[in-house]
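Read off the chains here:
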Protein chains: 2
Amino acid sequence: MVEAMKNYVVGVDIGGQTTKIGIVDRSGAIVAQTVITSKYNADEGEKFMDSVCEAICDLAKGVGFDQIHGVGIGAPNGNYYTGSIAFAPNLPWAKNQSVPLKAYMEDKLGIPVTLTNDANAAAVGEMTYGAARGMKNFIMITLGTGVGSGIIVNGELVYGHDGFAGELGHTIAVRHNGRQCGCGRNGCLEAYASAIGVARTAREWLGSGKYEDSLLSDIEEITSKDVYEAAVKGDKLAIDVFNFTGTLLGRQFADFVAFSAPEAIVVFGGLARAGEFIFKPIKESMEANLLTIWKDKVAVIPSALKESDAAILGASALAW
Amino acid sequence: MVEAMKNYVVGVDIGGQTTKIGIVDRSGAIVAQTVITSKYNADEGEKFMDSVCEAICDLAKGVGFDQIHGVGIGAPNGNYYTGSIAFAPNLPWAKNQSVPLKAYMEDKLGIPVTLTNDANAAAVGEMTYGAARGMKNFIMITLGTGVGSGIIVNGELVYGHDGFAGELGHTIAVRHNGRQCGCGRNGCLEAYASAIGVARTAREWLGSGKYEDSLLSDIEEITSKDVYEAAVKGDKLAIDVFNFTGTLLGRQFADFVAFSAPEAIVVFGGLARAGEFIFKPIKESMEANLLTIWKDKVAVIPSALKESDAAILGASALAW
């Protein structure tokens, strides 16, 4: 007897503060969703996993648990090969130890569980439901608190030898006198092109005294959102910050193209909402730095997924 | 009726001066080989292809042409998807036009022909017969007249959207005041780490007057081989040149690792023969620049193929 086709998967997006869980049908519609806390102490990894399993079972009642094909999880430092999260700085319960999510949850739920990092999940989501539908070679860049990436080659995620491939936020964007990055090294792309990096650039430049009449000078704790809002109002500092950030991104993108010759680079996350303020300098800088064979051939496009749904959709797509 | 198993393939390595052709058995032994000229004029592409086909037929007589499974060709700018060579600066007959090697030769020979660029062929050769046997994720870097690369992910060559992936020689190694590269841009790895780049560094430094007693100062046309021979004799300039070159390579290698998380980077070509003079600074610089998760985990190793055989073996491995 052939097993009946199951019509739903579960997408789980583990963030530093909250974990979003959704039931997704074959068309990519989220038919039910919930949010639970990710905030558990160092010794409470099992407690967290129990609460995720519980939430999944509750949520699945609507469609029937026997209709659930599997669970896809996107998480910071989630490793596809080991099925574990390890050394995740923003998750106390997975900071100094390896937490075997896949094994534990498969045992508990009795259905397949697939784990990968959040940027990889976003890439699969984009390929399955978003701007990269039909593409077999593209790179997903997530510009959030950090800079993440998921690389698709021949229609498949690049995991590399150890499952950690695609750390493009930690390629070196500024070689000499580069800013210190959270990873301990200097000059990483993430130190400039993350939301934190953009805010940092704005603060540094304000301190230089060159932009005394900037709208941003009145703000105590500048965020990348403040920079965007100031840019919309025509603030010179804010616009210069996006030009600088986009120029660094575009240069790195040209190197990424030399690696995997993608059809497109899809940009996702908070900074992507800055629209042409960031896309224009990215494209100009990438084109100026591309090898001739790729000029005018690689698209740089925003994600087509609603940010609130993207994480769940991306994770769920792993489960098919 | 099942077709009888054929026991041989043909490897063809097209270089700027000569084209090497060999018959290779299943164990990777070259059982017959020949060399013909690559030097044909702009309008003699067909003449060149005819001469390659003729040489293959002659060579195959020893084992019987019906024993030939297929032909693998490695060539500068050879494109796997299109089966053509285009815009190859060192091949007059394929410089300003696209030459459809695959289609023409398949038609003429009646067996499958596979084309790729020379560095990709070297990567497949290394995976099939060399230092990367059993590896599913590695990067091949060829340090010759130029700097080429072949990237293996999940046991397969990365071709990208257009077949041109893996131009790591044209990632940017020196951002500001970088040397002009043959591609027209500035600061490419190839402008420093190719044989030509190494000789250029030596000449530039000699001109600076800082190395007046260098053994190299007596040589009119310095080559990378001269630099190596001087280094063996303890020449300070020559040793400094290798340290500088290796340091640039190691930094780029760290970025490459962040992309595809390879098990190893295999180094092939003339400069690799400089042994520890080049491998020591590469490894030190790569380790100093790697993200923590990869420190001490990525091997940098020399090719295990005899240079004279490697090109034929690499190309032939494509044909299986």
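Model, not experiment: these values are computed from the prediction.

(A) Geometry of the overall build of chain A. Scanning chain A from terminus to terminus reveals 9 helices and 12 strands. The globule rule puts the C-alpha radius of gyration for 320 residues at 20 Å, and the 20 Å found for chain A is close to it. For chain A, the spread of C-alpha atoms along the three principal axes comes to 70 × 45 × 35 Å. Here the contacts in chain A between residues at least 6 apart in sequence split such that 60% fall between residues at least 24 apart. When the accessible surface of chain A is summed, it comes to about 13400 Å², and 51% of that surface belongs to carbon and sulfur atoms. Here chain A holds 27 positive side-chain charges and 36 negative ones, and the gap between their average locations is 3 Å.

(B) Focus on the packing of aromatic side chains. Under the definition given, this model contains 25 aromatic pairs over all chains. For the pair Tyr80 of chain B and Tyr81 of chain B, a centre-to-centre distance of 5.9 Å together with 55° between the ring planes defines the contact as tilted. Assessed through its relative accessible area of 37%, Tyr80 of chain B is described here as partly exposed. Grouping aromatic residues by their ring pairs yields a cluster made of Phe253, Phe256 and Phe259 of chain A together with Phe253, Phe256 and Phe259 of chain B.

(C) Molecular detail of helix α6 (residues 224-232) of chain B. Residues and elements named next belong to chain B. Within the sequence span of α6, burial applies to Ser224, Asp226, Val227, Ala230 and Ala231. The buried residues of α6 occupy an angular sector of 155° when the element is viewed end-on, so they sit on one face. Looking at α6, the residues exposed on the side facing more than 90 degrees away from the buried face are Lys225 and Val232. Buried residues belonging to α6 abut α5 (195-207), α7 (236-260) and α8 (276-289).

(D) Quick look at the relation of the copies chain B and chain A. Rotating chain B by 180° and translating it 0.0 Å along the rotation axis places it on chain A, where the RMSD comes to 0.0 Å. Accordingly, the operation relating the two chain copies is best matched by a two-fold axis. By residue overlap, the copies meet face to face through one surface: 100% of the interface positions of chain B are interface positions in chain A.

(E) Examining the interface of chain B and chain A more closely. Each partner contributes residues to the interface: chain B has 40 residues there, and chain A has 41 residues. Roughly 3300 Å² is buried in total at the junction of chain B and chain A, and carbon and sulfur atoms are behind 57% of that figure. The largest share of the area that chain B buries against chain A comes from His161, Arg175 and Phe259 of chain B, three residues that together contribute 23% of it. Viewed at the interface, chain A and chain B are joined by 0 salt bridges. Taken together, the connections running from chain B to chain A amount to 16 residue pairs in polar contact (both at pLDDT 80 or more). Put simply, the parts of the chain that give the side of chain B that touches chain A at least two residues each are β9 (147-153) and α7 of chain B. Sorting elements by how many residues they give to the side of chain B that touches chain A places α7 of chain B first, with 7 residues. Within the side of chain B that touches chain A, the residues separate by chemical class into 20 nonpolar, 12 polar and 8 charged.

(F) Inspection of the nonpolar core at higher detail. Grouped together as the largest cluster of nonpolar side chains are 107 residues, with contacts concentrated most on Phe253 of chain A together with Phe253 of chain B. Residues Val71, Ile73, Ala75 and Trp93 of chain A belong to the second largest nonpolar core, which totals 32 residues.

(G) Expanded view of the side chain of Arg179 of chain B. Residues and elements named next belong to chain B. Among the structural elements, Arg179 can be located in the loop between β10 (156-157) and α4 (190-193). Among the polar contacts listed, one links the side chain of Arg179 to the backbone oxygen of Ala191, at a separation of 2.9 Å. Contact partners of Arg179, with chain neighbours within four places excluded, come to Arg185, Asn186, Gly187, Cys188, Ala191, Tyr192, Gly197, Arg200, Thr201 and Glu204.

(H) A look at the confidence of the model for chain A. With 99% of its residues at a pLDDT of 70 or more, chain A has an overall mean of 94. As scored by the predictor, the complex reaches a pTM of 0.94 and an ipTM of 0.93.

(I) How the structure looks around unusual backbone geometry. Here the phi dihedral of Asp296 of chain A falls at roughly 60°; this positive angle occurs in a residue that is not glycine. Its location among the elements puts Asp296 of chain A in the loop between α8 (276-289) and β12 (299-302).

(J) Representation of helix α3 (residues 118-129) of chain B within the structure. Residue and element names in this part refer to chain B. The terminal C-alpha atoms of α3, which comprises 12 residues, lie 16 Å apart, in line with the 16 Å expected from a rise of 1.5 Å per residue. Within α3, the full set of buried residues consists of Ala119, Asn120, Ala121, Ala122, Ala123, Val124, Gly125, Glu126, Met127 and Tyr129. In this structure Asn117 caps α3, since a side-chain oxygen of it lies 2.9 Å from the backbone nitrogen of Ala119.

(K) Main features of the pairing of strand β3 (residues 30-37) of chain A. All names here are of chain A. Note: strand β2 (residues 18-25) against β3, 7 bridges, orientation antiparallel. The residue bridging Ile23 from the neighbouring strand is Ala32, located in β3. Linking β2 back to β3 in an antiparallel pair, the connection comprises 4 residues, with Gly28 at a positive phi of about 95°.

(L) Molecular detail of the sheet that holds strand β8 (residues 138-143) of chain A. Residue and element names in this part refer to chain A. In space, the 5 strands of this open sheet follow the order β10-β9-β8-β11-β12, with mixed pairing throughout. Each end of this open sheet is capped by a strand with a single partner; those strands are β10 (156-157) and β12. As judged from the 6 bridges shared by β8 and strand β9 (residues 147-153), these two strands associate in the antiparallel manner. Across the sheet, the residue bridging to Leu143 is Val147, located in β9.

(M) Representation of the sheet that holds β10 of chain B in the model. Residue and element names in this part refer to chain B. In space, the 5 strands of this open sheet follow the order β10-β9-β8-β11-β12, with mixed pairing throughout. At either end of the open sheet lies a strand with only one pairing partner, and these are β10 and β12 (299-302). Pairing geometry for strand β11 (residues 264-268) and β12, over 4 bridges, is parallel. What sits directly across from Ala264, in β12, is Ala299.

Conventions we followed
- Residues numbered from 1 in each chain as written.
- Chains lettered and ligands numbered in written order.
- Predicted model: local features only at pLDDT ≥ 70, side-chain atom pairs only at ≥ 80, totals over all residues.
- Heavy atoms only, no water.
- Helix = DSSP H or I, 4+ residues; strand = E, 2+ residues; numbered from the N terminus.
- Rg over C-alpha atoms; globule rule 2.2 N^0.38 Å.
- Contact = heavy atoms within 4.5 Å.
- Areas by Shrake-Rupley, 256 points an atom, 1.4 Å probe, with all protein chains shown as cover.
- Lys, Arg positive; Asp, Glu negative; His and termini not counted.
- Charge placed at Lys NZ, Arg CZ, Asp CG, Glu CD.
- Phe/Tyr/Trp six-rings, centres within 6.5 Å; stacked < 30°, edge-to-face > 60°.
- Buried < 20%, exposed > 50% of the residue type's maximum accessible area, 1.4 Å probe, protein only.
- Arc of directions from axis to C-beta.
- Least-squares fit on C-alpha atoms with pLDDT ≥ 70 in both.
- Buried area = accessible area lost by both parts, 1.4 Å probe.
- Salt bridge = Lys/Arg side-chain N within 4 Å of Asp/Glu carboxyl O.
- Polar contact = N/O pair within 3.5 Å; in protein donor to acceptor, adjacent residues only side chain to side chain.
- Nonpolar A, V, L, I, M, F, W, Y, C, P; charged D, E, K, R; others polar.
- Core = buried A, V, L, I, M, F, W, Y, C linked by side-chain atoms within 4.5 Å.
- pLDDT = per-residue confidence, 0-100.
- Expected span 1.5 Å × (residues − 1).
- Pairing = 2+ DSSP bridges.

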